[in-house]
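The residues making up each chain are set out below.
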Amino acid sequence: MPSNPSNPSAPGDATGPSRRIDAERCDAAEQVAALTREFDQIVESSELVSTDDEHDPEGATIAYERAKTAALLRSARARLADLDRSLERVRQGTYGQCAACGGPIGDDRLEALPSTDRCVDCAARGRGSAATPGVAAP
Ligand SMILES: [Zn+2]
């Protein structure tokens, strides 16, 4: 396996994939921060209104908003974790290599989905552990 242990470039100053991943990662981190703030606000406002959720229509709306924001936050965090793993793969020199079959993932796919670790065939087949279903394989 090709190894490049003396890679001095930090993510961000390298060309190609890590720059792309870094930009995506930045975006994902902002999303996580924004959703976290939003979630906190919903929790706060739900503490201000009556706790009688079952009979209060506003309580139901807040519960819905809260569940929705929590779901968005989960997927934003999953995306961030995916991108972190991608950066790790760039450092290890395995980025762009399918984690399931070992074949090349392909530039087009990596450009569209910088955090994917499956080639298009494996993603379609749903091979591998699929740690983040739906994120890497739209
Ligand atoms: Zn594959």
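Computed from a predicted structure; not experimentally measured.

1. A short note on the overall build of the protein
Now for step 1: Within the protein one finds four helices and zero strands.
Now for step 2: Beginning at the N terminus, the succession of helices and strands in the protein can be written as α-α-α-α.
Now for step 3: Burial analysis of the protein (138 residues in total) assigns 19% to the buried set.
Now for step 4: In the protein, 53% of the contacts between residues at least 6 apart in sequence involve partners at least 24 apart.

2. Some remarks on the confidence of the model for the protein
Caution applies to low-pLDDT parts of the model: their predicted coordinates are not meant to be read in detail.
Now for step 1: The predicted model of the protein has a mean per-residue pLDDT of 81, with 73% of residues at 70 or higher.
Now for step 2: The lowest-confidence element of the protein is helix α3 (residues 107-112), averaging 91 in pLDDT; the highest-confidence one is helix α4 (residues 120-125), averaging 94.
Now for step 3: A low-confidence stretch, residues 1-13 (pLDDT under 50), is modelled with 12 contacts involving residues beyond four sequence positions or located in other chains.
Now for step 4: Ignoring residues within four places in sequence, the model shows residues 130-138, a span with pLDDT below 50, making 15 contacts including any to other chains.

3. Structural notes on the environment of K68
Now for step 1: Structurally, K68 is set in helix α2 (residues 57-92).
Now for step 2: Residue class for K68 comes out partly exposed when judged on the 13 C-beta atoms lying within 10 Å of it.
Now for step 3: Along the primary structure K68 and F39 are separated by 29 residues, whereas in three dimensions their C-alpha atoms are 9.4 Å apart.

4. Description of the environment of T94
Now for step 1: As for its placement among the helices and strands, T94 is situated in the loop between α2 and α3.
Now for step 2: When the C-alpha atoms of T94 and D117 are compared, they prove to be 9.4 Å apart, with 23 residues separating the residues in sequence.

5. Describing the environment of S115
Now for step 1: Relative to the elements of secondary structure, S115 occurs in the loop between α3 and α4.
Now for step 2: On the basis of neighbour counts, which here come to 24 C-beta atoms within 10 Å, the residue S115 falls in the buried class.
Now for step 3: Through-space distance from the C-alpha of S115 to that of Y95 is 9.3 Å; in sequence the pair is 20 residues apart.

So, how was this worked out
- Within any chain, residue numbers begin from 1 and follow the written order of that chain's sequence.
- Per-residue local features of the predicted model are confined to residues with pLDDT of at least 70, and side-chain atom pairs are confined, for both listing and counting, to 80 or more; whole-chain, interface and lining totals are unaffected and use all residues.
- Where helices and strands are cited, they refer to DSSP runs of H or I of at least four residues and of E of at least two residues respectively, numbered from the N terminus.
- Around each residue's C-beta, the other C-beta atoms within 10 Å are counted; 20 or more make the residue buried, 12 or fewer make it exposed, and counts in between make it partly exposed. All C-beta atoms are placed from the backbone.
- Residues are scored as being in contact if the C-beta atoms we place from backbone atoms lie within 7 Å.
- On a range of 0 to 100, pLDDT expresses the predictor's confidence in each residue.

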